[in-house]
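# Coordinates in review
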Amino acid sequence: MRVLGIAGSPRRGGNTDLLLAEVLKGAAAKGAEVKTIVLNDLKISPCQHCDACFEVGVCRFDDDMQMVYKELEKADRIVLASPVQFMGVSAQAKIMIDRCQALWARKYILKIPPLGDRRPRKGLFIAVGGMKLANLFEPSLAIVGALFKVLDIEYAGDLLFRGVDEKGAIKKHPDALKQAFIAGQKLVED
Ligand SMILES: Cc1cc2nc3c(=O)[nH]c(=O)nc-3n(C[C@H](O)[C@H](O)[C@H](O)COP(=O)(O)O)c2cc1C
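A brief report on the enclosed structure follows. Sequence order as written defines residue numbering, which begins from 1 separately in each chain. Given that the model is predicted, a residue must reach a pLDDT of at least 70 before its local features are reported, and side-chain atom pairs must reach 80 or more before they are shown or counted; all residues, however, enter totals for whole chains, interfaces and linings. Side-chain measures were taken over the full set of non-hydrogen atoms in the model, leaving aside hydrogen atoms and water.

## Points about unusual backbone geometry
Formally: Put simply, DSSP marks the helices as runs of H or I at least four residues long and the strands as runs of E at least two long, and each gets a number from the N terminus on.
One non-glycine residue with positive phi stands out, namely Met87, at about 75°. On the secondary structure map, Met87 appears in the loop between strand E3 (77–83) and helix H4 (91–99). Residue Lys111 is not a glycine yet carries a positive backbone phi of 60°. Turning to its location among the elements, Lys111 is positioned in the loop between helix H5 (101–108) and strand E4 (121–128).

## A short note on the pattern of salt bridges
Quick reminder of the rule: A pair is scored as a salt bridge if a Lys or Arg side-chain nitrogen falls within 4 Å of a carboxyl oxygen belonging to Asp or Glu. For every residue, the accessible area (1.4 Å probe, protein chains only) is compared with the maximum for its type, and the residue is labelled buried under 20%, exposed over 50%, or partly exposed between those bounds.
Tallied over the entire structure, the rule returns 13 salt bridges. The partner of Asp76 in a salt bridge is Arg119, with the nearest N and O atoms 2.9 Å apart. In this pair, Asp76 is assigned in the loop between helix H3 (65–74) and E3 and Arg119 in the loop between H5 and E4, connecting sequence segments 43 residues apart. Asp76 gets classed as buried once you look at its relative accessible area, which sits at 15%. Salt bridges here are not isolated pairs; linked through shared partners, they connect Asp76, Asp117, Arg119 and Arg121.

## Section: the nonpolar core
To be explicit about the condition: Only buried residues count toward a nonpolar core. Its members are Ala, Val, Leu, Ile, Met, Phe, Trp, Tyr and Cys residues joined through side-chain atoms within 4.5 Å. Only heavy atoms matter for contacts: two residues are in contact if any of them lie within 4.5 Å across the pair.
Leu72, Met96 and Leu151 are the most contacted members of the largest nonpolar core, which totals 35 residues. Apart from residues lying up to four places away in sequence, Leu151 is in contact with Leu72, Cys100, Leu103, Pro114 and Leu115. With 24 residues, the next largest nonpolar core counts Leu19, Ala32, Val79 and Ala176 among its residues.

## Some remarks on the packing of aromatic side chains
Rules: Geometry of aromatic contacts follows a simple scheme: Phe, Tyr and Trp rings, the Trp one being its six-membered ring, pair when their centres are within 6.5 Å, and the pair is stacked under 30 degrees between planes, edge-to-face over 60, tilted otherwise.
Evaluated as defined, the whole model comprises three aromatic pairs. Ring centres 5.8 Å apart and planes at 35° place the aromatic pair Phe54 and Trp104 in the tilted group. One end of the pair, Phe54, is in helix H2 (residues 53–56); the other, Trp104, is in helix H5, and 50 residues separate them in sequence. The class for Trp104 is partly exposed, based on a relative accessible area of 28%. With a centroid separation of 5.4 Å and 40° between ring planes, the pair formed by Trp104 and Tyr108 is classed as tilted. Separated by four residues within a single helix, Trp104 and Tyr108 lie in helix H5, roughly one turn from each other.

## Side note on the site of the ligand
Counted only if it meets this: To be near a molecule or strand, a residue needs just one of its heavy atoms within 4 Å of it. By the criterion applied in these results, polar contacts are pairs of N or O atoms within 3.5 Å in which, for protein atoms, one can donate a hydrogen and the other can accept it, and in which residues neighboring in sequence qualify only through two side-chain atoms. Method for areas: the Shrake-Rupley scheme with a 1.4 Å probe, in which residue coverage is limited to the protein chains shown. Under the convention adopted here, Pro, Cys and the residues Ala, Val, Leu, Ile, Met, Phe, Trp and Tyr are nonpolar, Asp, Glu, Lys and Arg are charged, and Gly plus all remaining residues are polar.
The ligand sits among 17 residues. The nearest are Ser9, Thr16, Val84, Val164 and Asp165. Asn15 has a polar backbone atom sitting 2.8 Å from an oxygen atom of the ligand. Notes on the ligand: free accessible area 640 Å², of which the protein chains cover 77%. For the shell around the ligand, the per-class residue count stands at eight nonpolar, seven polar and two charged.

## Remarks on the packing of helix H1 (residues 15–29) against helix H7 (residues 176–189)
How two helices sit against one another is set out by the angle between their axes and by the gap between those axes. Cut-off, in case you're wondering: Only the stretch in contact is used when a helix axis is fitted, and all axes are lines through C-alpha atoms; the angle between N-to-C directions ranges over 0 to 180 degrees. In what follows, roughly perpendicular refers to angles from 65 to 115 degrees, roughly parallel to angles under 35, roughly antiparallel to angles over 145, and oblique to any angle outside these ranges. Put simply, a crossing is left-handed when the front helix is turned counterclockwise from the back one by less than a right angle, and right-handed when it is turned clockwise.
The interhelical angle for the contact between H1 and H7, taken along N-to-C directions, is 40°, at an axis separation of 7 Å. Taken together, the axis directions place H1 and H7 in an arrangement best described as oblique. Regarding H1 and H7, the two cross each other, and that crossing is right-handed. Across the interface between the two elements, Leu18, Leu19, Glu22, Val23, Lys25, Gly26, Ala27 and Ala29 from H1 touch Ala176, Leu177, Ala180, Phe181, Gly184, Gln185 and Val188 from H7.

## Concerning the pairing of strand E1 (residues 2–7)
Heads up, the rule is: The rule for pairing is simple: two strands pair if DSSP sees at least two bridges between them. The path from the first strand over the helix to the second decides the hand: if it runs clockwise while the strands point away from the viewer, the crossover is right-handed.
Burial runs high along E1: five of the six residues are buried. Two strands pair when backbone bridges link them, and E1 and strand E2 (residues 33–38) are joined in this way by six bridges, in the parallel orientation. Across the sheet, Ile6 pairs through a bridge with Ile37, a residue of E2. Crossover connection from E1 via H1 to parallel E2: handedness right-handed.

## So, the sheet that holds strand E5 (residues 153–161)
If you trace the five strands from one edge of the open sheet to the other, you get E2-E1-E3-E4-E5, paired in parallel fashion. Sheet topology places E2 and E5 at the edges, where each strand pairs with a single neighbour. Between one strand axis and the next, the sheet turns by 15° as a mean value, whatever way the strands run.

What follows is the structure, given as structure tokens:
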């Protein structure tokens, strides 16, 4: 069981990073092989809508996204973590998501599995926002829901925390990190 964590925050050791690390610890405690990709450390160009991927199901840009495609293909479980930024996911996460257009092309144009095989995959979404708005996570949930659907990743759940702003503030939450650890265990058990 391979679990891929995708860290979408520009802030290393920030709130979503801390939650992601706990999810992966929980998964590892159940014997899963875990790996984290930090999007902010990668060079990934935004999708140019050139439609080259419609021909071959592969993006023509030879940048770090090529590594991300390979990791997504290898993973059985995907955990995407992003802070809320201007009501949506971070720019780092959105650029990666948009580059999954090549995987959309595999599925809907070329009629081949988006991640290379049809093994069941599951995904978990982690998001944290500083505000306490009731609809704070709606745009991010729509975006990540679309991503998982296109990639044939079953939406296994999410960890969403509002009113958490300062770096590391999630540690003051009564049980967020514990919830994350348990979610990681559950993700690889189900
Ligand atoms: C550019 C930017 C935009 C943000 N936009 C929002 C927002 O729309 N709503 C919100 O609740 N918090 C917003 N925040 C606050 C972050 O979501 C919050 O600080 C979060 O805890 C950061 O998580 P991280 O430590 O994992 O990066 C924004 C922060 C930044 C830097």
